[in-house]
Amino acid sequence: MLASRIFNVYVLFFVISIVGYIMFPPFRTWGNATSLLSNSAPIIMVAVAQFFAMLVWGVDLSVGSIMNVVIVAASFLLDAPLEQMALGIVLCALLGALLGLINGVLIVALKLPDFVVTMATFIGFQGIALSIRPTPGGGVNPDFQMFMYSYTYGLPNSFWVLIPILLILAYVLRQTRFGHYMIAVGSHRESSQLLGLPVGRIRIGAYVMSGLCAAIAGIFLMGLIGTGSAEAAAPYQLNSIIATVIGGTSLYGGQGSVFGTLFGALILQVVLKMLTYANLLGSYILVFQGTMVVVVVGLVTLAQNRSLLRALLRPRING
Amino acid sequence: MLLEARNITKTFGSLKALKDVSLNCEAGEIHGLMGENGAGKSTLLKILSGVFTPDSGEILFQGKPVTEFNPKSALARGISIIYQEFSLIPAMSVAENIFIGREPLGRLGRLDRRAMRHDTEELLNRVGLKISPDRTIDSLSVAEQQTVEIARALSRRSDLLILDEPTAALAETEADKLFAILRELRAGGTSIVLVSHRLYEILDIADVVTVLKDGQLVGTDRASAFDEARLISMMVGRDLEHTYPPKRPIQTDKPLMEVKNFTSRSGAFQDVGLKLHRGEILGIAGLEGHGQNDLLRSLFGLEPLQSGTITINGKTLDAPTPRRCISEGIVFASDDRKKEGLILPFDVRENITLSTMKQRQTLSFIHAAQERRLAEEMIAKLQVSPPRTNAMVRFLSGGNQQKVVLCRWLATKPSVLMLAEPTRGIDVGTKIEIYNLLRKLADEGTGIMVVSRDMVELLGLSDRILVMADGRAVATFDGAEASEESIMRAIVRGHTTRPSAHAAPTTTQ
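Residues numbered from 1 in each chain as written. Chains lettered and ligands numbered in written order. Predicted model: local features only at pLDDT ≥ 70, side-chain atom pairs only at ≥ 80, totals over all residues. Heavy atoms only, no water.

Trainee: Before we go on, may I ask you to explain the interface of chain B and chain A in this structure?
Mentor: Size of an interface: often given as the accessible area lost when the parts come together. Each partner contributes to the interface: chain B provides 34 residues, whereas chain A provides 26 residues. Taken over both partners, the interface formed by chain B and chain A buries close to 2600 Å², and the fraction arising from carbon and sulfur atoms is 54%. The tally of links between chain B and chain A comes to one salt bridge. A salt bridge links Glu-103 of chain B to Arg-177 of chain A; its shortest N-O distance comes to 3.4 Å. At the level of secondary structure, the elements contributing two or more residues to the side of chain B that touches chain A comprise α2 (71–77) and β14 (305–312) of chain B. In terms of residues, the side of chain B that touches chain A owes the most to one element, β14 of chain B, which gives five residues. Residues of the side of chain B that touches chain A, tallied by class, amount to 16 nonpolar, seven polar and 11 charged. (Contact = heavy atoms within 4.5 Å. Buried area = accessible area lost by both parts, 1.4 Å probe. Salt bridge = Lys/Arg side-chain N within 4 Å of Asp/Glu carboxyl O. Helix = DSSP H or I, 4+ residues; strand = E, 2+ residues; numbered from the N terminus. Nonpolar A, V, L, I, M, F, W, Y, C, P; charged D, E, K, R; others polar.)

Here you go:
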């Protein structure tokens, strides 16, 4: 069942790419395809961040703010010679993990609903970012930005960095005890408790993963924009949820995959690109995005709830 | 002595679930734990397995006092429990479920799936289950899932295995297989605490039997010292005649409500037909989860139908919804009072008047005085305690909450009252009040349908009993002729013969 859903994500990506190829001539150049890919690293990572929260039947509404805090921090830490910058990247990643830890601890220790806590921290973290950089400023080591915009073997460098990160995350999810427990806790929290799994710690761990991934997304984004803007990542908040759901993550926890999420993010990116090619006004794109959320979530929920789907498809005898 | 539980007491709010209960279990003993629903068996099991902490009393396991109460430390101590609702992760494989919490790890923290699979195959062999370790749990039958739970307990080398009604959802041959495994475990020195409602099973397999009633210990003895009659009288602790109000003959010429070809869309029940007469209490019996509750829910329009019609007052409903049902006088009191029966933030008056508010409003303004009068009248009629209209329902006892639910429905003056588990979690005194109330309503002409897990209750209360198995109506009995044994036989027969064999869905015996 899981395999078939991921398969669907691939098929969907394929279909949408073909549609884009036929409808919009600019899609037909290799350069455009790879530039799309080079811009996709932040959305992919933030979708994976969201994926970890949703995997344990939660949601992280603060990933966009975590990205912003990290971007602001990066605008101080990454504007430095190469060795110091490397240390700065590690610090930025740890900062994201720390913010995720705050989310997780608040949710588990205070027994508050995930969305309430992360909505509160969404506001709070955003406030931190804005108080440090009320107006955009700072920057990154130009070599770093250069690296992010360059290509190796025909593909953007950010992509070559991204792939090993995703492979490691997929390994953690599928091959380690921690990943295994996240799936168990996400799909059946009560049973997991009865089985003696450390449910609270696993949920906190998932939010730490979420914060860490959001931080990596922030670093990628910083590499693209080059200035510390405390509001740069605002659109990523909602998009992270859309991409994760398209990628086949269950809204009820316990199901999904890192690479499904990758393709969910790519699909979203391609669709948004098509909308700009279609010369839609920005405000219409927002309307479209909102509609897409409802349609996608509706379709995914239907597909996951097989019995409901069967019931809807089956003709009623006594209607 | 492997396990000694001494003077255990546990209270939930106003409900005393266990009072001063003791239980001893030797190594290599099968200990049968019996009692009616609500006798405190599940509470005791959950204390042993670390889900609940007792208010007072002490537990010695292998001679050492137990101080930490949580599932993890109970498992570490060597106590495994298999609940009626299994604690398996449906989306994971058999091997992953068996080793959850104790996965063997290879290098780089990698799960050693090969070792898990290998050990699982061995365990499955031991319990005689011929399936692949890679099958996911949701692809297994109930009996197979249960065997996986047992294999998991085996792999933990548990000294004490607790089973809560393991045979409730099993067919007879599957139950026999289970008992063979349990006997083998006993021979290997494992102790087993077994809860079952089936007397013959307990007498057959247990070495020692303990009976609980209303949270208290009634007695413990060697199984050979019991027979069914003695067990029943200990469990019930009272004569049926005194608990249940007398029945009167029912006029059966013209049915009040007729249900035809009811088939649920989810497959929970198929092709059920029944008739309900004025003044009749119709009990619906069956093992848990065989469609009884779903039937009532669908009759009230809570779950979608594939097909079927309800005829009442000369009208035919083919797509019932709660609103339509209420306007035709059909009401339903769910077994989940807190979720589906009451609005918890409301007080007693608001809960009672909710469904009939429309009759007393003017331009959507509520008549406060009329509301209060109705609530007071109903509270007095059903003797809700405390008798205050502004008491918050969330603080009432289970029995009084149930009365408030009934108050509300009776205010609609229903002609058909359907109840699921009407006395679940309710103390004996209030139970008897509710039995008397239901009989009084029936005598006034209401048709009543009751689903209950408590067979004794169904027998005592019902004028007629419809038996369901695998979602089909397999038999109906006259209340006076039915017995636990005859119902159980009908259930077992309903299981073993395939559904197509029933030409007529309801056969009167």
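Trainee: Can you walk me through helix α7 (residues 157–175) of chain A in this structure?
Mentor: Residues spaced three or four apart along an α-helix face the same direction, because each turn holds 3.6 residues. Taking 1.5 Å of rise per residue, the 19 residues of α7 of chain A would be expected to cover 27 Å, and the 27 Å separating its terminal C-alpha atoms lies within 8% of that figure. Listed in full, the buried residues belonging to α7 of chain A are Asn-157, Ser-158, Phe-159, Leu-162, Leu-166, Leu-169, Ala-170, Val-172, Leu-173 and Gln-175 of chain A. (Expected span 1.5 Å × (residues − 1). Buried < 20%, exposed > 50% of the residue type's maximum accessible area, 1.4 Å probe, protein only.)

Trainee: Please clarify how the sheet that holds strand β17 (residues 416–420) of chain B should be interpreted in this entry.
Mentor: What holds strands together in a sheet is hydrogen bonding between their backbones, with the strands either parallel or antiparallel. All names here are of chain B. Ordered by their spatial adjacency, six strands build an open sheet running β16-β17-β18-β13-β19-β20, and the pairing between neighbours is mixed. Taken across any chain shown, the strands that pair with only one partner, and hence form the sheet edges, are β16 (330–333) and β20 (472–478). Each strand axis lies, on average, 20 degrees off the axis of its neighbour in the sheet, ignoring direction. Where strand β13 (residues 281–285) and strand β18 (residues 447–451) come together, four bridges link them in parallel fashion. Of the residues in β18, the one forming a bridge with Ile-284 is Val-451. (Pairing = 2+ DSSP bridges. Axes fitted to C-alpha atoms, helices over the stretch in contact; angles between N-to-C directions.)

Trainee: Would you mind showing me how to read the side chain of Ser-210 of chain A here?
Mentor: Structurally, Ser-210 of chain A can be placed in helix α10 (residues 199–225). Discounting chain neighbours no more than four positions away, the residues touching Ser-210 of chain A are Ala-49, Phe-52, Ala-53, Asp-60 and Val-63 of chain A.

Trainee: Help me out: how do you make sense of the domain arrangement of chain B in this one?
Mentor: Assigned domains within chain B: domain 1 (3–236) and domain 2 (251–329 + 417–509). Computed over C-alpha atoms only, the centres of domain 1 of chain B and domain 2 of chain B are separated by 32 Å. (Domains from an automatic or database assignment.)

Trainee: Is there a simple way to explain the layout of surface pockets in this structure?
Mentor: The rolling of a water-molecule-sized probe over the atoms marks out the regions of remaining empty space. Residues and elements named next belong to chain B. Of the volumes computed, that of the second largest pocket is approximately 730 Å³. Gln-84, Ala-169, Glu-288, Gly-289 and His-290 are, among the 32 residues lining the second largest pocket, the residues nearest its centre. The set of elements that each furnish at least two residues to the lining of the second largest pocket consists of α5 (142–155) and α10 (292–299). Class assignment of the residues belonging to the lining of the second largest pocket gives a composition of 11 nonpolar, 11 polar and 10 charged. For the lining of the second largest pocket, the two domains that each supply at least three residues are domain 1 (3–236) and domain 2 (251–329 + 417–509). (1 Å grid on protein atoms, 1.4 Å probe; cavity = no way out; pocket = protein on both sides within 12 Å on 5 of 7 lines; lining within 4 Å. Points joined across faces, edges and corners; volume = space filled by probe spheres on them.)

Trainee: How should I be thinking about the packing of helix α8 (residues 177–187) of chain A against α10 of chain A in this particular structure?
Mentor: Working note: a packed helix pair is described by the angle between its axes plus the distance between those axes. All names here are of chain A. Between α8 and α10, the shortest axis-to-axis distance is 10 Å and the interhelical angle comes to 110 degrees. Classed by the angle they form, the pair α8 and α10 counts as roughly perpendicular. Where α8 approaches α10, its residues Phe-178, Tyr-181, Met-182 and Val-185 are matched on the opposing element by Val-199, Ile-202, Arg-203, Gly-205, Ala-206 and Met-209. A per-class count over the contact of α8 with α10 returns eight nonpolar, one polar and one charged. (Parallel < 35°, antiparallel > 145°, perpendicular 65-115°, else oblique.)

Trainee: Which parts of the structure should I look at to understand the packing of aromatic side chains?
Mentor: Geometry of an aromatic ring pair is reported as the spacing of the ring centres plus the angle between the planes. Tallied over the entire structure, the rule returns 10 aromatic pairs over all chains. Judged by centre distance (4.6 Å) and plane angle (80 degrees), the rings of Tyr-10 of chain A and Phe-263 of chain A are edge-to-face. Placement of the pair is Tyr-10 of chain A in helix α1 (residues 2–23) and Phe-263 of chain A in helix α12 (residues 258–277), with a sequence separation of 253 residues. Assessed through its relative accessible area of 34%, Tyr-10 of chain A is described here as partly exposed. Summarising the aromatic geometry, the rings of Phe-12 of chain B and Phe-52 of chain B are spaced 5.0 Å apart at their centres and angled 65 degrees between planes, so their arrangement reads as edge-to-face. Placement of Phe-12 of chain B in strand β1 (residues 3–12) and of Phe-52 of chain B in the loop between α1 (41–48) and β4 (56–61) is noted, with a sequence separation of 40 residues between them. Put simply, the rings of Tyr-10, Phe-13 and Phe-263 of chain A touch in pairs and so form one group of aromatic residues. The ring centre of Phe-76 of chain A lies 4.1 Å from the NZ or CZ of Arg-133 of chain A, which sits over that ring. For the cation-ring pair, Arg-408 of chain B lies above Trp-409 of chain B, with the distance from its terminal atom to the ring centre recorded as 5.0 Å. (Phe/Tyr/Trp six-rings, centres within 6.5 Å; stacked < 30°, edge-to-face > 60°. Lys NZ or Arg CZ within 6 Å of the ring centre and 35° of its normal.)

Trainee: Help me understand a nonpolar patch on the surface, please; the structure alone is not making it clear to me.
Mentor: Residues and elements named next belong to chain A. Nonpolar side chains collect at one region of the surface, where Val-11, Phe-14, Val-15, Ile-18, Val-19, Tyr-21, Ile-22 and Met-23 lie side by side and expose about 750 Å² of accessible area between them. Position of Tyr-21 among the secondary structure elements: in helix α1. The class of Tyr-21 is partly exposed, set by a relative accessible area of 46%. (Patch = residues over 30% accessible without salt bridge, like charges linked within 9 Å, V, L, I, M, F, W, Y side chains within 5 Å. Areas by Shrake-Rupley, 256 points an atom, 1.4 Å probe, with all protein chains shown as cover.)

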